[in-house]
Each structure stands twice: as C-alpha cells, then as structure tokens.
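Descriptive structure summary
Take a look at the letters that make up each chain.
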Amino acid sequence: MQSIPVNPMVTAGAIFGLSSGHSIWNNQRLVVQLEQKLPEDEGQFVKAEKKRVEGFQYLYDFTKYLATGLFATALLIFFFTETRHWQAAAIAIVILGLSGLVIDYFSKERADIYCQIIMNYENGEQL
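1. With respect to the overall build of the protein chain
- Scanning the protein chain for helices and strands turns up four helices and zero strands.
- Listing the helices and strands of the protein chain from first to last along the sequence gives α-α-α-α.
- The globule rule puts the C-alpha radius of gyration for 127 residues at 14 Å, and the 20 Å found for the protein chain is more than 25% above it.
- Across its three principal axes, the protein chain shows a C-alpha extent of roughly 65 × 30 × 15 Å.

Shown next, in the form of structure tokens:
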C-alpha cells in the first residue's frame, strides 16, 4: 500500500484556514451575544467584559513560548535531516510560529485598548 504524501505547506495553509474560519464564526456569535447583553445592564456588562478580557490575557505569553518551541523544533529538523520534505516541514513550522506571533501581537494591542476602555468606564467615564 502506497502512502499519500503530505505537503507541509498545504497542511500549514489548512491550519490557517481552519483556525481563521473558527475565529470568524466565533467572533460573529460573540458580537451578537454582546449586543444583546449591553442594553440590559451596562454595569454588569462591563464587569463581565473585564473578567472575560482578563481571562484570556495569559494566552499571549503562551504564544511566545509555543513559538519558541516551534522555532527550536524547526532548527532541529534543519540540523538533523537532509530530506526536502522535512525541510519544507521545518519552513512551514517557522511560518506557523511567526504568524502566531504577528497575529497575537496585534490582537494583544486591541485587547489592551479594549481593557483600558473598560477600566476607564469603571472609573466614571461612559462607553
């Protein structure tokens, strides 16, 4: 039985596509939920949002560690393999790691701005 070759770049593209699709779907669902909750009780909404935003802040540090591990893995693959297939896999791993860092950098920036807006509201400013 002949095995089907796996293209590392196609695999990386599939990972990007699936994660992006999930994020878009999840974000649209979340926006609808938040729009429904805001008019009900603004104070409770702000408290819930503060807790939600603070709840995922740790993931940004996790991404840095994950990217470091991915880069180390890619380096090991480059040093210990000679085959083009494995080297392509290492390049795909580097692309995944760099993309995660870039995406999380901009996501963290938006989350920090949003968190600051929530904090300002708690200190007396209006939304």
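2. Section: helix α4 (residues 84-122)
- Here α4 contains 39 residues, and its C-alpha end-to-end distance of 56 Å stays within 8% of the 57 Å for a straight helix at 1.5 Å per residue.
- When we look at burial in α4, the residues that qualify are Gln 87, Ala 89, Ala 90, Ala 92, Ile 93, Gly 97, Asp 104, Ser 107, Ala 111, Cys 115, Ile 118 and Tyr 121.
- Trailing α4 by a residue or two, Gly 124 shows a phi angle of about 115 degrees, which is positive.

3. Considering the nonpolar core
- Of all hydrophobic cores here, the largest spans five residues; its members are Leu 34, Phe 45, Val 46, Ile 118 and Tyr 121.
- Of all the elements in the fold, those that place two or more residues in this core are α2 (42-56) and α4.
- When sequence neighbours within four positions are dropped, the list of residues in contact with Ile 118 reads Val 46, Glu 49 and Lys 50.

4. Remarks on the pattern of salt bridges
- Scanning the model with the defined rule gives three salt bridges in all.
- Put simply, Lys 64 and Asp 61 hold a salt bridge, and the shortest N to O gap is 3.9 Å. Here Lys 64 pairs with Asp 61, and both are found in helix α3 (residues 58-80), just three residues apart, close to one helical turn.

5. Focus: the packing of α2 against α4
- Contact geometry of α2 with α4 gives a least axis separation of 10 Å together with a crossing angle of 145 degrees. In this structure, α2 meets α4 at a crossing whose hand is left-handed. Residues Glu 42, Gly 43, Phe 45, Val 46, Lys 47, Glu 49, Lys 50, Arg 52, Val 53, Glu 54 and Phe 56 of α2 touch α4, and the partners they reach there are Ala 111, Tyr 114, Cys 115, Ile 118, Met 119, Tyr 121 and Glu 122.
- In terms of residue class, the contact of α2 with α4 is made up of ten nonpolar, one polar and seven charged.

6. Re the packing of α3 against α4
- Direction vectors running N to C along α3 and α4 enclose 165 degrees, while the axes themselves pass 9 Å from each other. Compared by their axis directions, α3 and α4 come out roughly antiparallel. Between α3 and α4 lies a crossing of left-handed hand.
- A breakdown of the residues in the contact of α3 with α4 according to their chemical character gives 16 nonpolar, six polar and three charged.

7. So, a nonpolar patch on the surface
- On the surface, a cluster of nonpolar side chains totalling about 310 Å² of accessible area is made up of Met 9, Phe 78, Ile 91 and Ile 95.
- Relative to the helices and strands, Ile 91 resides in helix α4.
- Residue Ile 91 is classed as partly exposed on the basis of its relative accessible area, which comes to 39%.

8. Notes on α3
- A rise of 1.5 Å per residue sets the reference length of α3, with its 23 residues, at 33 Å; its end C-alpha atoms lie 34 Å apart and thus fit the reference within 8%.
- Every buried residue of α3 is listed here: Tyr 60, Thr 63, Ala 67, Ala 74 and Ile 77.
- Where α3 is buried, its residues touch α2 and α4.

About the criteria used
- Residues numbered from 1 in each chain as written.
- Predicted model: local features only at pLDDT ≥ 70, side-chain atom pairs only at ≥ 80, totals over all residues.
- Heavy atoms only, no water.
- Helix = DSSP H or I, 4+ residues; strand = E, 2+ residues; numbered from the N terminus.
- Rg over C-alpha atoms; globule rule 2.2 N^0.38 Å.
- Expected span 1.5 Å × (residues − 1).
- Buried < 20%, exposed > 50% of the residue type's maximum accessible area, 1.4 Å probe, protein only.
- Core = buried A, V, L, I, M, F, W, Y, C linked by side-chain atoms within 4.5 Å.
- Contact = heavy atoms within 4.5 Å.
- Salt bridge = Lys/Arg side-chain N within 4 Å of Asp/Glu carboxyl O.
- Axes fitted to C-alpha atoms, helices over the stretch in contact; angles between N-to-C directions.
- Left-handed = near helix turned anticlockwise from the far one by under 90°.
- Nonpolar A, V, L, I, M, F, W, Y, C, P; charged D, E, K, R; others polar.
- Parallel < 35°, antiparallel > 145°, perpendicular 65-115°, else oblique.
- Patch = residues over 30% accessible without salt bridge, like charges linked within 9 Å, V, L, I, M, F, W, Y side chains within 5 Å.
- Areas by Shrake-Rupley, 256 points an atom, 1.4 Å probe, with all protein chains shown as cover.

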